[in-house]
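What follows is the residue order along each chain.
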Amino acid sequence: MRSTARLPGRVLVTGAGGFAARPLLARLAEVVDPDGGHVAVFGPSGADAPAKLPACFRPEACDLARPGAIDAILGSAKPDII
């Protein structure tokens, strides 16, 4: 049985194009505020972003080899949960 509990705060999911993150994003979409400004972080080109991302998540491409890239995303997203 699934919980009906809500997850408070803004969520940032790293590696969002990965095998485990795809079902995680779908499940999170059921329990987060739909207007919460959540972010899903993909690889530098964004090519690993799924064709259908839950509407409550904004896709962000990030090249971890670029100094300051993740800091910029953290600064703009201001997540409560990563």
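Structure shown above.
None of these values were measured; they are calculated from a predicted model. (Residues numbered from 1 in each chain as written. Predicted model: local features only at pLDDT ≥ 70, side-chain atom pairs only at ≥ 80, totals over all residues. Heavy atoms only, no water.)

**Q** Sorry if this is basic, but what is going on with the pairing of strand E2 (residues 38-42) here?
**A** Across a regular strand the side chains alternate sides, sitting on one face of the sheet and then on the other. Counted residue by residue, E2 has five buried out of five residues, so it is predominantly covered. Residues His38, Ala40 and Phe42 point to one face of E2 and Val39 and Val41 to the other, with burial holding for every one of them. With two bridges joining them, strand E1 (residues 12-13) and E2 adopt parallel strand pairing. Residue pairing across strands places Val13 opposite Ala40, the latter belonging to E2. Handedness of the crossover is the feature at issue here: the chain leaves E1, passes through helix H1 (residues 21-31), returns alongside E2, and the resulting connection is right-handed. The pairing of E2 with strand E3 (residues 57-61) spans five bridges and is parallel. (Buried < 20%, exposed > 50% of the residue type's maximum accessible area, 1.4 Å probe, protein only. Helix = DSSP H or I, 4+ residues; strand = E, 2+ residues; numbered from the N terminus. Pairing = 2+ DSSP bridges. Right-handed = clockwise from strand over helix to strand, strands pointing away.)

**Q** I'm lost on the pattern of salt bridges in this one. Help?
**A** A side chain of one charge can pair with a side chain of the opposite charge when the charged atoms of the two come close. In the structure shown here, the tally under the stated rule is two salt bridges. Residue Glu30 is joined to Arg27 by a salt bridge in which the shortest nitrogen-to-oxygen separation is 2.8 Å. Here the residue Glu30 and the residue Arg27 both occupy positions in helix H1, the gap between them amounting to three residues, near one helical turn. The exposure class of Arg27 is partly exposed, given its relative accessible area of 26%. (Salt bridge = Lys/Arg side-chain N within 4 Å of Asp/Glu carboxyl O.)

**Q** Just to check I follow, could you spell out unusual backbone geometry for this structure?
**A** Glycine aside, negative phi is the norm for most residues, and most peptide bonds take the trans geometry. One non-glycine residue with positive phi stands out, namely Lys78, at about 45 degrees. Here Lys78 is to be found in the segment after helix H2 (69-77).

**Q** Help me out: how do you make sense of the environment of Arg66 in this one?
**A** Mapped onto the elements of the fold, Arg66 is located in the loop between E3 and H2. For Arg66, a relative accessible area of 47% gives the class partly exposed. In the structure, Arg66 is positioned 22 residues away from Pro44 in sequence and 9.5 Å away in space, judged by C-alpha atoms.

**Q** Got a minute to help me understand the side chain of His38 in this structure?
**A** In this structure, His38 sits in strand E2. What makes His38 buried here is its relative accessible area of 0%. Within polar-contact distance, the side chain of His38 engages the backbone nitrogen of Val11 at 3.0 Å. (Polar contact = N/O pair within 3.5 Å; in protein donor to acceptor, adjacent residues only side chain to side chain.)

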